[in-house]
Amino acid sequence: MLRVLPISALLLGILCQAAFAQDARPQPVARLITSLTPVTARPTNVIPAEPNDIERRAFEQTNIVRVKNGLAPLVWDADVCRMARVHSESMSRLGYFSHVTPDGLHLRERAREAGILRYQVLGENIAFNQGFADPGAFAVERWMQSEKHRANILSPEYRAMAIGSFIAADGSVYLTQTFITR
């Protein structure tokens with residue numbers, strides 16, 4: 001249902017946004033990186049595979065973009081989710097931001113360690129952000145502005161995907177988006 005707001009409500013919204021824009025708080029930060037890369041997995045029974053709110057939002061936003069571009073939506077892959085969560089947590093705890101772990105593991109090696117042994121295609125996007133109310137949707141928005149990240153999201157080769165997120169003690173959000181076709 002479409003609701004029409006009175007002009008005074010719209011002006012109040014604009015004035016409130018302007019007031020917040022002058023706030024002296026630190027501005028949110030975000031970083032993206034391109035390429036394929038990995039991390040050491042834990043036993044699959046330790047990490048749940050249902051998406052949390054951040055992961056669900058990024059997953060939904062990714063599928064919205066795919067459908068708008070004439071592609072089929074991707075399905076959630078629980079094994080890929082576990083692997084992606086391990087990578088996001090590893091980046092946070094070990095202080096790096098890369099598709100390659102400090103031990104030199106790439107995406108395919110991390111998949112093998114996570115027990116994902118058979119697949120046709122595998123790809124990954126990673127993101128880091130802090131201070132955003134919707135970090136999952138923000139990551140997808142930024143990925144779509146990057147040629148290589150966008151290519152992963154809009155690739156017709158992929159059939160499934162999952163997001164793994166980790167929130168650091170300082171509120172930084174690490175996201176790993178992994179695509180797969182088995």
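Residues numbered from 1 in each chain as written. Predicted model: local features only at pLDDT ≥ 70, side-chain atom pairs only at ≥ 80, totals over all residues. Heavy atoms only, no water.

Undergrad: Could you clarify how one ought to interpret the overall build of the protein chain in this entry?
TA: When its secondary structure is counted, the protein chain shows 6 helices and 5 strands. Sequence-ordered secondary structure for the protein chain, helices as α and strands as β, is α-β-α-β-α-α-β-α-α-β-β. Across the 182 residues in the protein chain, those meeting the buried criterion constitute 46%. Intrachain contacts of the protein chain at a sequence separation of at least 6 include 76% that bridge at least 24 residues. When the accessible surface of the protein chain is totalled, it reaches about 10,200 Å², and 56% of it is carbon and sulfur. (Helix = DSSP H or I, 4+ residues; strand = E, 2+ residues; numbered from the N terminus. Buried < 20%, exposed > 50% of the residue type's maximum accessible area, 1.4 Å probe, protein only. Contact = heavy atoms within 4.5 Å. Areas by Shrake-Rupley, 256 points an atom, 1.4 Å probe, with all protein chains shown as cover.)

Undergrad: Looking at this model, I keep getting lost on the nonpolar core. Mind explaining?
TA: Here is a general trend for soluble globular proteins: nonpolar side chains tend to be buried in one another's company. If you look at the biggest cluster of nonpolar residues, it comprises 20 residues, and the most contacted ones within it are Trp-143, Ile-153 and Leu-175. For this core, the secondary structure elements donating two or more residues are helix 2 (53–68), strand 3 (121–130), helix 5 (135–143), strand 4 (160–167) and strand 5 (173–181). With 4 residues, helix 2 is the single largest residue contributor to this core. (Core = buried A, V, L, I, M, F, W, Y, C linked by side-chain atoms within 4.5 Å.)

Undergrad: What is the right way to look at the pattern of salt bridges in this model?
TA: Oppositely charged side chains are able to pair whenever their charged atoms sit close together. All told, the structure shown has 8 salt bridges when counted by the stated rule. Among the charged side chains, a network of salt bridges with common partners joins Asp-77, Asp-79, Arg-82 and Arg-182. (Salt bridge = Lys/Arg side-chain N within 4 Å of Asp/Glu carboxyl O.)

Undergrad: Help me understand the pairing of strand 5, please; the structure alone is not making it clear to me.
TA: Each regular strand shows side chains that alternate between the opposite faces of the sheet. Burial of strand 5 is extensive: 9 of the 9 residues sit out of reach of the surface. Every second residue of strand 5 is oriented toward a common face, with Val-173, Leu-175, Gln-177, Phe-179 and Thr-181 on one face and Tyr-174, Thr-176, Thr-178 and Ile-180 on the other, all of them buried. Relative to strand 5, strand 4 is paired through 8 bridges, and the arrangement is antiparallel. By the bridge assignment, Ala-162 is partnered in strand 5 with Thr-178. Here strand 4 folds back onto strand 5 in antiparallel fashion, the turn holding 5 residues, of which Gly-171 has a positive phi close to 90°. (Pairing = 2+ DSSP bridges.)

Undergrad: Sorry, what's going on with helix 5 here?
TA: In terms of burial, helix 5 is a largely internal element, 7 of the 9 residues being buried. Residues of helix 5 that are buried: Pro-135, Gly-136, Ala-137, Phe-138, Ala-139, Val-140 and Trp-143.

Undergrad: Even after reading the chapter, I still don't get the pairing of strand 4, so can you show me in this structure?
TA: Counting buried residues along strand 4, 7 of its 8 residues qualify, which places the element largely inside the surrounding structure. In terms of strand pairing, strand 2 (residues 75–76) meets strand 4 through 2 bridges, oriented parallel. For Val-75, the partnering residue across the bridge sits in strand 4 and is Ala-160.

Undergrad: Honestly, the packing of aromatic side chains in this entry has me stumped. Any pointers?
TA: The geometry of an aromatic ring pair comes down to the distance between the two centres and the angle between the two planes. Under the criterion given, the structure shown has 5 aromatic pairs. For the pair Phe-97 and Phe-128, a centre-to-centre distance of 6.4 Å together with 70° between the ring planes defines the contact as edge-to-face. Here Phe-97 is found in the loop between helix 3 (78–94) and helix 4 (107–113), whereas its partner Phe-128 is found in strand 3, with 31 residues between them in sequence. Each member of the pair, Phe-97 together with Phe-128, is buried. With a centroid separation of 3.7 Å and an interplanar angle of 15°, the aromatic rings of Phe-132 and Phe-138 are classed as stacked. Members of the aromatic cluster, joined through ring pairs, are Phe-97, Phe-128 and Tyr-174. (Phe/Tyr/Trp six-rings, centres within 6.5 Å; stacked < 30°, edge-to-face > 60°.)

Undergrad: Teacher, can you tell me more about the packing of helix 2 against helix 5 here?
TA: Working note: a packed helix pair is described by the angle between its axes plus the distance between those axes. The geometry of helix 2 relative to helix 5 is characterised by a closest axis approach of 7 Å and an angle of 35° between their N-to-C directions. Every pair of crossing elements has a handedness; the one defined by helix 2 and helix 5 is right-handed. Between helix 2 and helix 5, the contacting residues are Ile-54, Arg-57, Ala-58, Gln-61, Thr-62 and Val-65 on the first element and Pro-135, Gly-136, Ala-137 and Val-140 on the second. (Axes fitted to C-alpha atoms, helices over the stretch in contact; angles between N-to-C directions. Left-handed = near helix turned anticlockwise from the far one by under 90°.)

Undergrad: Where do I start with the confidence of the model for the protein chain in this structure?
TA: Low pLDDT means the predicted atomic positions in that stretch should not be read closely. In this model, the protein chain carries a mean pLDDT of 82, and residues with pLDDT of at least 70 account for 73%. For the protein chain, the element scoring lowest by mean pLDDT is helix 1 (residues 7–21), at 34; strand 5 scores highest, at 98. Low pLDDT, under 50, characterises residues 1–45; the stretch is placed with 83 contacts to residues that sit more than four places away or in other chains. (pLDDT = per-residue confidence, 0-100.)

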